[in-house]
Amino acid sequence: MLNIHKSPLLLSKNNSHHQFNTLLDSISMHPELKNAESNTSTFSNPPRRLFTRQRRQLSDGTRRQYAQSASLHLIKLQQRLPPRARIGLYYDGFGELPTQPILDWCQRLGYLPYLPVVGSLGRTSNGNEDKHLRFVPVYHSKLLNIPTRIHHLGMKQNHHRRLLWAQELDVIICPLVAVDLNGNRMGMGGGFYDTTLNKSYRSGSKKPLKIGWCYDFQVVEQLQRQPWDVPLDGLITPSGIRWF
């Protein structure tokens, strides 16, 4: 198991973007990640439990500390946003890097925060749940105070009549299990974000910016990319920000 407290990716807030890139480029693969490759011609992704287990081992205080460090790099994202930008974030209900600092940042700068809603479009013609996310505005200063329901997949979500499509947002902060040095993202396997972002990505649209938000130990050298996968435009960790 990688030890986050000894990770070479953890930089002070004064270190530069160049240092962050240099450290990411020099990552050496963890043994469990190396074992995901059975030979040189066959490559498979590391198991999700490798990362989710490590997230769960962090105390609430440690998680908040890392999130605060990551939030120091939001200023680099701010430089690419219009006034009153619409920012999609998410509830960190599965041990992810906490997103409350992103909500705090939005409220300080006058950005408009939104949260995803699953299942607002009902079912498709074949009876499956439509995986396109829509986004509901946030009117509370604390995520914990937002009235929510638990979706059958376990995630919290709020319900509201004023739902936006993903392409109406300027940024979507994407949850992830792992991400590689080219911006390829491994999610929980539901396909909600890839489905939601596929149309704008294939059309070459610059909106919304797709930004990953995670711990440094979730960054790996390479992930296998599937044809339906939508890569990130940028990544923010406690160490810094990286653009792809």
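Residues numbered from 1 in each chain as written. Predicted model: local features only at pLDDT ≥ 70, side-chain atom pairs only at ≥ 80, totals over all residues. Heavy atoms only, no water.

In this fold, Asn184 is placed in the loop between strand E8 (178-180) and strand E9 (185-186). Classification of Asn184 by relative accessible area gives buried; the value is 12%. Sequence separation between Asn184 and Val220 is 36 residues, and the spatial gap between their C-alpha atoms is 9.9 Å. With residues near it in sequence (within four places) discarded, Asn184 still touches Ala178, Val179, Leu223, Arg225 and Pro231. (Helix = DSSP H or I, 4+ residues; strand = E, 2+ residues; numbered from the N terminus. Buried < 20%, exposed > 50% of the residue type's maximum accessible area, 1.4 Å probe, protein only. Contact = heavy atoms within 4.5 Å.)

So, on to the pairing of strand E7 (residues 171-174). Where burial is concerned, the two faces of E7 agree: the one with Val171 and Ile173 and the one with Ile172 and Cys174 are both buried. Of the strand pairs in this sheet, strand E1 (residues 86-88) and E7 are connected by 2 bridges, and their pairing is parallel. The residue of E7 that forms the bridge with Ile87 is Val171. For E7 and strand E10 (residues 209-213), the ladder comprises 4 bridges, and the chain directions are parallel. The residue bridging Ile172 from the neighbouring strand is Lys210, located in E10. (Pairing = 2+ DSSP bridges.)

Pairing is mixed across the open sheet formed by 8 strands, whose spatial order is E6-E3-E2-E1-E7-E10-E12-E13. Looking along the sheet, the strands with just one partner apiece sit at the ends: strand E6 (164-165) and strand E13 (240-243). Docked against the sheet, helix H7 (residues 192-203) engages strand E2 (112-117), strand E3 (134-137), E7 and E10, running at close to 155° with respect to E7. (Axes fitted to C-alpha atoms, helices over the stretch in contact; angles between N-to-C directions.)

This part takes up the confidence of the model for the protein. Low-pLDDT portions of the prediction should not be read for the details of their coordinates. Here the protein averages 82 in pLDDT, while 73% of its residues score no lower than 70. The model gives residues 1-17 a pLDDT under 50, and that stretch makes 40 contacts with residues more than four places away or in other chains. Confidence over residues 37-41 falls short of pLDDT 50; this stretch has 2 contacts with residues more than four positions distant or in other chains. (pLDDT = per-residue confidence, 0-100.)

A word on helix H4 (residues 60-71). Over its 12 residues, H4 extends 16 Å from the first C-alpha to the last, a length consistent with the 16 Å expected when each residue adds 1.5 Å. Those residues of H4 not exposed but buried are Thr62, Arg63, Tyr66, Ala67, Ala70 and Ser71. Turning to H4, the residues buried within the fold contact helix H5 (74-78), helix H6 (100-109), E10 and strand E12 (234-237). (Expected span 1.5 Å × (residues − 1).)

The next subject is the side chain of His73. With respect to the helices and strands, the residue His73 is situated in the loop between H4 and H5. Among the polar contacts made by the side chain of His73, one reaches the main-chain amide nitrogen of Gly240 at a distance of 3.4 Å. In this view, His73 contacts Ile236, Thr237, Pro238, Ser239, Gly240 and Ile241; residues no more than four positions away in its chain are not counted. (Polar contact = N/O pair within 3.5 Å; in protein donor to acceptor, adjacent residues only side chain to side chain.)

Structurally, Lys76 is set in helix H5. The class for Lys76 is partly exposed, based on a relative accessible area of 39%. Discounting chain neighbours no more than four positions away, the residues touching Lys76 are Ile241 and Trp243.

The subject of this paragraph is the packing of aromatic side chains. Evaluated as defined, the whole model comprises 3 aromatic pairs. Ring geometry for Trp105 versus Tyr111: centroids 5.0 Å apart, planes at 65°, classification edge-to-face. Neither residue differs from the other here; Trp105 and Tyr111 are each classed as buried. When the ring of Tyr215 is compared with that of Phe217, the centres are 5.2 Å apart and the planes differ by 5°; the resulting orientation is stacked. Taken individually, Tyr215 and Phe217 each receive the classification buried, so the pair is uniform in this respect. Ring-pair connections join several aromatic residues into one group, and the members of that group are Tyr66, Tyr215 and Phe217. (Phe/Tyr/Trp six-rings, centres within 6.5 Å; stacked < 30°, edge-to-face > 60°.)

Taken as a whole and judged by the stated rule, the model has 4 salt bridges. Here Asp92 ties to Arg63 by a salt bridge, and the two come within 3.1 Å at their closest N and O atoms. On the criterion of sequence distance, the pair formed by Asp92 in the loop between E1 and H6 and Arg63 in helix H4 is long-range, its members being 29 residues apart. Asp92 gets classed as partly exposed once you look at its relative accessible area, which sits at 22%. Salt-bridge contacts for Lys210 lead to Asp233; the nearest nitrogen and oxygen are separated by 3.0 Å. With Lys210 in strand E10 and Asp233 in the loop between strand E11 (219-220) and E12, the pair connects residues that are 23 residues apart, well separated along the chain. In this structure Lys210 comes out as buried when scored by relative accessible area, which is 4%. One connected set of salt bridges, linked through shared partners, spans Asp60, Arg63 and Asp92. (Salt bridge = Lys/Arg side-chain N within 4 Å of Asp/Glu carboxyl O.)

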